[in-house]
Structures are given as structure tokens and as C-alpha cells.
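Survey of secondary and tertiary structure
In case you want the letters, here they are:
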Amino acid sequence: MNMKIKLSLTLFLSAIFCSASFAQGTWTQKANFGGSPRFGAVGFSIGGKGYIATGTDYKTNFKDVWEYDPSNDTWTQKANFSGGARFGAVSFIIEDKAYVATGYDDNNKTVYKDLWEFTPSANKWVKKTDLPCKGKYYAIAFAIGKKGYIGGGLEKNHDSVLWEYDQTSDRWTEKKGTATISPGCHGAIGFSIGNKGYVVGGMYRLTTYNTFYLISPCHPQLFLPNLFLYIYCYRLQIQPSNIF
């Protein structure tokens with residue numbers, strides 16, 4: 001084998017192993033969460049810090065809020081969430097503010113539809129306009145630009161509506177597309193990259209899903225302004241390992 005082939009093979013194998021190592025990443029143990037053990041909480045990050053709020057331990061529903069500072073690996077308790085204690089809420093971020101909405105309190109059988117705005121710099125919660133539905137929990141949420149989106153989830157009357165929140169006007173608008181998120185689908189994960197939102201996974205009637213949605217604003221010259229398409233990936237069974 002000549003030198004050029006050996007060098008090419010070495011570089012090729014190095015690229016493969018480096019890519020594999022980078023893709024796998026490394027997990028490092030950090031300081032334990034400052035609050036009580038829980039599940040069904042919400043999490044978000046603003047200004048280089050992470051936040052965990054609400055949740056439940058099956059006996060108690062929580063409304064405490066904790067801030068994680070990665071610079072010194074510490075947790076600090078912040079102002080309690082101003083809405084009722086709950087689990088299964090959702091959150092999204094618009095600029096320097098966090099929004100926490102919906103959720104369920106099994107102690108008083110309340111399905112929430114409220115929306116709360118949190119400003120970390122002021123350590124303050126402010127009530128905003130309720131979601132125009134009968135309440136839901138374990139929904140999906142993400143933000144694109146200055147708009148927040150909530151859809152899916154469990155509720156009194158299952159629907160497949162995607163709701164858009166306008167931070168400027170403090171108003172909700174129902175968004176309609178060419179297809180819809182399955183009614184009653186809950187526990188899915190939503191996130192955004194640039195001007196597109198993504199939804200993956202979820203569960204409905206004990207059936208779990210690994211399907212992957214892309215939610216993207218249509219081009220204003222081709223469609224009505226702000227109309228959204230829900231691209232369902234043709235029910236391809238895309239495994240999470242193939243997505244990420």
C-alpha cells in the first residue's frame with residue numbers, strides 16, 4: 001500500500017472516530033438539584049443560566065423555582081411560580097423572558113390553561129392572557145422569534161390545534177395547516193432551530209410514537225402570511241438515533 005493511500009485511510013478513519021466521539025459526547029456529574037425530587041417539571045434557560053420549576057412527586061405538586069449557575073455549579077431558589085402548583089406544564093422563551101403555561105393539579109383536579117411570564121433579572125412573575133382552550137397538560141411548546149407555540153397534550157376535549165402567542169399584543173391565535181398533530185398526543189418534545197419548530201415522539205392511548213414533525217412558516221409570496229404547514233414526514237419510523 002503506497003504512502004498516499006495509507007495517509008488517506010488514516011485521515012478517513014480518524015474522521016470517523018472523531019465524529020463518533022463528538023456525537024456521543026460526555027456526561028459529567030454536577031451539583032444535585034436544589035429542590036425536592038420530582039418529575040413533570042418544566043425547564044428553560046436564559047442568560048447562561050438554567051431554571052427548573054413546578055413538578056410533582058406523586059404526593060405533592062410544586063411551584064418552587066430553582067436557578068442553576070454553571071459558572072460555580074450552584075442552585076439558587078428564586079421567586080415561586082405565581083400560578084397554582086402543578087405538573088405537566090410547558091415553557092418557551094422569547095428574548096429575555098420565560099413563559100410557563102398549562103399543566104395539571106391532581107389534588108384539586110384542575111387542568112390549567114393559564115400563561116405566566118417570568119423575568120429573571122427582576123425575579124418576577126406576571127400573569128398573561130389564558131390559552132383559549134379548556135386547559136391541557138403534557139403538551140408541546142417552543143418559540144420562533146417573538147412568537148410562542150403550544151399544541152397537543154391531554155385535555156378535557158382532545159384537539160390538534162396549534163396555538164400561537166404574540167408577545168407584543170399578548171394574544172393567542174389558532175394556526176391551521178395542511179395536516180395536524182394527532183388529537184390527544186401528549187408527552188412529545190418541542191424545540192426550535194432558527195425559524196423552524198420541531199416536534200418528536202409522544203404517546204396516545206398507550207401507543208408511543210417516534211415520528212418527527214417539522215413546523216415552518218410558509219413563504220409569504222406562496223401562501224398567506226404566517227400560515228403554518230405541519231409536515232408529518234409521511235409517517236416514516238424515524239428513530240431518535242437517526243434524528244440526532
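Below, the structure is looked at part by part. (Residues numbered from 1 in each chain as written. Predicted model: local features only at pLDDT ≥ 70, side-chain atom pairs only at ≥ 80, totals over all residues. Heavy atoms only, no water.)

If you tally the helices and strands in the chain, you get 2 helices and 20 strands. Split into buried and exposed, the 244 residues of the chain put 42% on the buried side. In the chain, once contacts between residues fewer than 6 apart in sequence are set aside, the share between residues at least 24 apart is 42%. Just so you have it, the chain exposes about 13800 Å², and 57% of that area is on carbon and sulfur atoms. (Helix = DSSP H or I, 4+ residues; strand = E, 2+ residues; numbered from the N terminus. Buried < 20%, exposed > 50% of the residue type's maximum accessible area, 1.4 Å probe, protein only. Contact = heavy atoms within 4.5 Å. Areas by Shrake-Rupley, 256 points an atom, 1.4 Å probe, with all protein chains shown as cover.)

Our next topic: the environment of G145. Within the element layout of this structure, G145 appears in the loop between β10 (140-144) and β11 (147-151). In this structure, the C-alpha to C-alpha distance between G145 and N195, residues 50 residues apart in sequence, is 7.0 Å.

A word on the pattern of salt bridges. Applying the stated criterion across every chain, the model contains 8 salt bridges. One salt bridge in this structure joins K49 and D69, with 3.9 Å as the shortest N-O distance. Placement of the pair is K49 in strand β2 (residues 49-53) and D69 in strand β3 (residues 65-69), with a sequence separation of 20 residues. Taking the relative accessible area as the measure of exposure, D69 reaches 14% and is therefore buried. Among the ionic pairs, K146 bridges to E95, the shortest N-O distance being 3.7 Å. One end of the pair, K146, is in the loop between β10 and β11; the other, E95, is in the loop between β5 (90-94) and β6 (97-105), with 51 residues separating them in the sequence. By relative accessible area, which is 46% here, K146 ends up partly exposed. For E95, a relative accessible area of 53% translates into the label exposed. One salt-bridge network, held together by shared partners, links K49, E67 and D69. (Salt bridge = Lys/Arg side-chain N within 4 Å of Asp/Glu carboxyl O.)

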